[in-house]
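# A closer look at the structure
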Amino acid sequence: MCSSWVILALCCLAQLCADQSLKPQMAAPQLARNNPTLSTVALEKPFCMFDSSLYPNKSYVIYLYAMKESATAISSQVTNNSSKPLNSTFKQTSGGQLGPYKAALFHVPNCASPPKLADVGDVNKVSDVLKQYLFRVGDDGTCLYDPNFLAVCNPPLAPDTTYRFKYVLVDSTEGIMKDQTLWSDPIKTRRAKLPLKIDTWPGRRSGGMIVITSILSVLVFLLLAGFLASVSSAVMRSEDSSAETRHMSQTIQQSESRPQLSSE
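Position numbers for residues start from 1 in each chain and track the written sequence from start to end. Two thresholds apply to this predicted model, a pLDDT of at least 70 for residue-level local features and 80 or more for giving and counting side-chain atom pairs, whereas whole-chain, interface and lining totals are computed over all residues. As a rule here, side-chain values come from all non-hydrogen atoms in the structure, and water together with hydrogens is ignored.

Where an unreviewed UniProt entry is consulted, the protein appears under the name UPK3A protein, with the organism given as Eurystomus gularis.

Shown next, in the form of structure tokens:
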């Protein structure tokens, strides 16, 4: 099922490669479950999107830009007046609030020779295959705080926040933009649950059920304690009764032996 979906997606992209309205898309549920999360969004890589802009003997890379939807349209440009792509960072744009920041840089996906789809069903290979098909925005939790980090920083996104994304084709030699997609549709990260609303019990029990369960647990504990006390008391009474019986038996024996001694 997963392989069939990937084949269909690539075929559609190949047919639409000349369509300038292409835009980044969220990964299908078959390929990325729980998407988006609180701090990440998994996107499909731009297979076949820029084929018409690629020329032989040229070197290209893909830039992925991200910005919050609340950023103004004026600040959504990703190139300067010389068509050179911006190198704005997460920090410089306040996490995309002031404009787009460069979230990733990777090679142009090979539309003619994609990863082997049969490997998607292989547990040992599925991770590598998905990395070639997908990119997860917000997947690096340490780059912001590492003073020695020199690559493009892809820090976690903000929860309950709407973002847009754009792919840009860049000529590596000239350092200028050759093509770009439109901004993606709005994609919102998930909202964090309040601590009081987090369900930590199996069966999704309500607050009333938790109170009732607590009361019943206390009653069961008291009944168990009473039962153990009763058993302990019964054992002690049994031991006292046995001791008294032995004492009476010894007294009777002594009283019976005394007349015999006097008769002699």
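In this scheme Phe, Tyr and Trp rings, the latter by its six-membered ring, pair at centre separations within 6.5 Å, and the angle between planes marks the pair as stacked below 30 degrees, edge-to-face above 60, and tilted otherwise. The tally for this structure, following the rule as stated, stands at six aromatic pairs. Ring geometry for tyrosine 63 and tyrosine 65: centres 6.3 Å apart, planes at 65°, overall edge-to-face. Accessible area is worked out with a 1.4 Å probe on protein chains only. A residue is then buried under 20% of its type maximum, exposed over 50%, and partly exposed in between. Overall, the relative accessible area of 11% leaves tyrosine 63 in the buried class. Residue classification places tyrosine 65 among the buried residues on the basis of a relative accessible area of 0%. Every member of this aromatic cluster is reached through a ring pair, and the members are Phe106, Phe135 and Tyr167. Note on criteria: charge over ring means Lys NZ or Arg CZ within 6 Å of the ring centre, with the direction from the centre no more than 35 degrees off the ring normal. Note that lysine 45 overlies the ring of phenylalanine 106, its terminal NZ or CZ placed 4.8 Å from the centroid. One residue, lysine 102, lies across the ring of tyrosine 63, its end atom 4.2 Å from the ring centre.

The criterion for a disulfide is a pair of cysteine sulfur atoms lying within 2.5 Å. The final tally for this structure, using the stated rule, is two disulfides. Linked covalently through their sulfurs, cysteine 48 and cysteine 111 form a disulfide whose S-S length is 1.6 Å. Across the disulfide from cysteine 48 to cysteine 111, rotation about the S-S bond amounts to roughly 65°, and the bridge is consequently right-handed. One end of the pair, cysteine 48, is in the loop between β1 (41–44) and β2 (60–68); the other, cysteine 111, is in the loop between β3 (101–107) and α2 (126–133), and 63 residues separate them in sequence. Accessibility expressed as a relative area gives 1% for cysteine 48, which makes it buried. Two residues, cysteine 143 and cysteine 153, share a disulfide whose sulfurs are 1.9 Å apart. Judged by the sign of its S-S torsion, about 70°, the bond between cysteine 143 and cysteine 153 is right-handed. One end of the pair, cysteine 143, is in the loop between β4 (134–137) and β5 (162–171); the other, cysteine 153, is in the loop between β4 and β5, and ten residues separate them in sequence. Each helix is a run of DSSP H or I of at least 4 residues and each strand a run of E of at least 2, with the numbering of both proceeding from the N terminus.

Turning our eyes to something else, we now look at the pattern of salt bridges. Once their charged atoms are close, side chains differing in charge can pair, the charge on each being opposite to the other. Basic side-chain nitrogens of Lys or Arg form a salt bridge, by our definition, when they fall within 4 Å of a carboxyl oxygen of Asp or Glu. If you walk through the whole model with that rule in mind, you get seven salt bridges. In this structure, the salt-bridge partner of lysine 23 is aspartate 185, at a minimum N-O distance of 3.2 Å. On the criterion of sequence distance, the pair formed by lysine 23 in the loop between α1 (2–15) and β1 and aspartate 185 in the loop between β6 (176–180) and β7 (187–188) is long-range, its members being 162 residues apart. For aspartate 185, a relative accessible area of 42% corresponds to the partly exposed category. Where salt bridges share partners, they join Lys58, Asp171, Glu174 and Lys178 into one cluster.

So, about a nonpolar patch on the surface. The patch calculation keeps residues exceeding 30% relative accessible area without a salt bridge and links them within 9 Å when they carry like charges or within 5 Å when they are nonpolar (Val, Leu, Ile, Met, Phe, Trp, Tyr). To measure how exposed things are, a 1.4 Å probe is used in the Shrake-Rupley method; for residues, cover is taken only from the protein chains shown. The grouping of Met209, Val211, Ile212, Ile215, Leu216, Val218, Leu219, Phe221 and Leu222 at the surface amounts to a nonpolar patch, some 870 Å² of accessible area in total. Along the polypeptide, leucine 216 turns up in helix α3 (residues 207–263). By relative accessible area, which is 47% here, leucine 216 ends up partly exposed.

Here we take up the nonpolar core. Here, nonpolar core refers to any group of buried Ala, Val, Leu, Ile, Met, Phe, Trp, Tyr and Cys residues whose side-chain atoms link them within 4.5 Å. Ranked by size, the top nonpolar core spans 22 residues in total, and within it Leu43, Leu64, Val137, Leu157, Phe165 and Tyr167 carry the most contacts. Counting residues per element, the ones that place at least two in this core are β1, β2, β3, β4 and β5. A contact between two residues is defined here by any heavy atoms of the two lying within 4.5 Å. Among all residues touching phenylalanine 165, those that are not within four sequence positions of it are Pro24, Val41, Leu43, Leu64, Tyr65, Ala66, Val137, Leu157, Leu182, Trp183, Ser184 and Ile187. If you look at the next biggest cluster of nonpolar residues, it comprises ten residues, including Val61, Tyr63, Val168 and Trp183.

Every second residue of β1 is oriented toward a common face, with Val41 and Leu43 on one face and Ala42 and Glu44 on the other, all of them buried. A pair of strands counts as paired when DSSP detects no fewer than two bridges linking them. One ladder, built from four bridges, connects β1 with β4; its direction is antiparallel. Across the sheet, valine 41 pairs through a bridge with valine 137, a residue of β4.

Strand direction decides the pairing type here: β5 and β6, joined by four bridges, are antiparallel. Along β6, the bridge assignment pairs valine 168 with glutamine 180. The turn linking β5 back onto β6 is made up of four residues, and glycine 175 within it adopts a positive phi angle of 70°.

This paragraph deals with the layout of surface pockets. Cavities and pockets were defined on a 1 Å grid built over protein atoms only: a cavity is a set of grid points that admits a 1.4 Å probe from which the probe cannot escape, a pocket is an open set flanked by protein on both sides within 12 Å along at least five of seven lines, and lining residues are those with an atom within 4 Å of any such point. Grid points are joined across faces, edges and corners, and a volume is the space filled by probe spheres set on the points. The space that makes up the largest pocket amounts to roughly 270 Å³. Lining of the largest pocket is provided by Leu31, Ala32, Ala42, Lys45, Ser127, Leu130, Lys131, Leu134, Phe135, Arg136 and Asp139. Among the secondary structure elements, those contributing two or more residues to the lining of the largest pocket are α2 and β4. Nonpolar residues are Ala, Val, Leu, Ile, Met, Phe, Trp, Tyr, Cys and Pro. Charged residues are Asp, Glu, Lys and Arg, and all others, Gly as well, are polar. A per-class count over the lining of the largest pocket returns six nonpolar, one polar and four charged. Within this model, the second largest pocket holds a volume of roughly 200 Å³. In terms of lining, the second largest pocket is formed by Asn87, Ser88, Thr89, Phe90, Lys91, Lys102, Cys143, Leu144, Ala151, Val152 and Cys153. Residues that form the lining of the second largest pocket fall into these classes: six nonpolar, three polar and two charged.

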